[in-house]
Amino acid sequence: MKMFKDLQEILPGMRSTCGLSNVSNGAPEHLRPILNQTYMMMLERYGMASAIVDAFDEDLKNLPRGTTRPPKTGLPCYGREEINLKSVGKEEADYVKTTRVLIAKALYSDSWLEL
């Protein structure tokens, strides 16, 4: 997405879309929503125009509408790379942990939220 954002100078009006379930495919059902929601927030930050989403995940569908939004401070892609997990609530810590998994700062396991 960072590369696409830079391409706007060469290809003005270029739009992007992503199938969010690609990142959560194979994960246990209870972990897929936080993976998809975090990934969408990360891609949105870098200019993703649209996404193919799970039509049954109401929180995910509401993210672009602004009715549900994870705390921005919980996503390292918002400029706060080092966040002390003890200084934030559980929900925000879950987004931080998930972001770290998605950007390969932490290894994926089905228990990454419990660590």
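Residues numbered from 1 in each chain as written. Predicted model: local features only at pLDDT ≥ 70, side-chain atom pairs only at ≥ 80, totals over all residues. Heavy atoms only, no water.

Brief notes about the overall build of the protein chain
Counting its secondary structure elements, the protein chain contains five helices and two strands. The secondary structure elements of the protein chain, listed N-terminal to C-terminal, are α-β-α-α-β-α-α. Burial status across the protein chain gives 35% buried among its 115 residues. Here the contacts in the protein chain between residues at least 6 apart in sequence split such that 50% fall between residues at least 24 apart. (Helix = DSSP H or I, 4+ residues; strand = E, 2+ residues; numbered from the N terminus. Buried < 20%, exposed > 50% of the residue type's maximum accessible area, 1.4 Å probe, protein only. Contact = heavy atoms within 4.5 Å.)

So, helix α3 (residues 32-45)
Between the first and last C-alpha of α3 there are 20 Å, a value that for 14 residues agrees with the 20 Å anticipated at 1.5 Å per step. Burial analysis of α3 places 10 of its 14 residues in the buried class, which makes it a mostly covered element. Among the residues of α3, R32, I34, L35, N36, Q37, T38, M40, M41, M42 and L43 are the ones counted as buried. Positive phi appears at G47, one or two residues downstream of α3, with a value of about 100°. (Expected span 1.5 Å × (residues − 1).)

What about the pattern of salt bridges?
Under the defined criterion, the tally for this structure stands at two salt bridges. In this structure, R32 and E29 form a salt bridge, with 3.9 Å as the shortest nitrogen-oxygen distance. The residue K90 makes a salt bridge to D94 at a minimum N-O spacing of 2.8 Å. Of this pair, K90 and D94 both sit in helix α5 (residues 90-102), separated by four residues, roughly a single helical turn. (Salt bridge = Lys/Arg side-chain N within 4 Å of Asp/Glu carboxyl O.)

Digging into the side chain of T99
The topology assignment puts T99 in helix α5. From its side chain, T99 meets the backbone oxygen of Y95 in a polar contact 2.8 Å long. (Polar contact = N/O pair within 3.5 Å; in protein donor to acceptor, adjacent residues only side chain to side chain.)

Observations regarding unusual backbone geometry
Despite not being glycine, A104 shows a phi value in the positive range, around 60°. Its location among the elements puts A104 in the segment after α5. Take A104: its relative accessible area is 67%, and that puts it in the exposed class.

Describing the packing of α3 against α5
Following both chains from N to C, one finds α3 and α5 inclined at 75°, their axes separated by 9 Å at the closest point. Here α3 lies roughly perpendicular to α5, going by the angle between them. Of α5, the residues touching α3 (which contributes I34, L35, Q37, T38, Y39 and M42) are D94, Y95, T98, T99 and L102. When its residues are assigned to classes, the contact of α3 with α5 shows six nonpolar, four polar and one charged. (Axes fitted to C-alpha atoms, helices over the stretch in contact; angles between N-to-C directions. Parallel < 35°, antiparallel > 145°, perpendicular 65-115°, else oblique. Nonpolar A, V, L, I, M, F, W, Y, C, P; charged D, E, K, R; others polar.)

Looking at α5
Each α-helix winds once per 3.6 residues, and so residues spaced three or four apart point in a common direction. The first and last C-alpha atoms of α5 sit 18 Å apart over 13 residues, in line with the 18 Å expected at 1.5 Å per residue. Within α5, the full set of buried residues consists of E92, A93, D94, Y95, V96, K97, T98, T99 and V101. In the core, the buried residues of α5 are packed alongside α3. After α5 finishes, the residue A104 shows a positive phi value of roughly 60°.

As for the environment of W112
Structurally, the position occupied by W112 is in the segment after α5. A C-alpha to C-alpha distance of 7.6 Å links W112 and T98, two positions 14 residues apart in sequence. If we skip the residues at most four places from it in the chain, W112 touches L31, I34, L35, K97, T98 and V101. Engagement of the side chain of W112 in a polar contact is seen with the side chain of T98, the distance being 3.1 Å.

Honestly, it's all geometry; don't read function into it.
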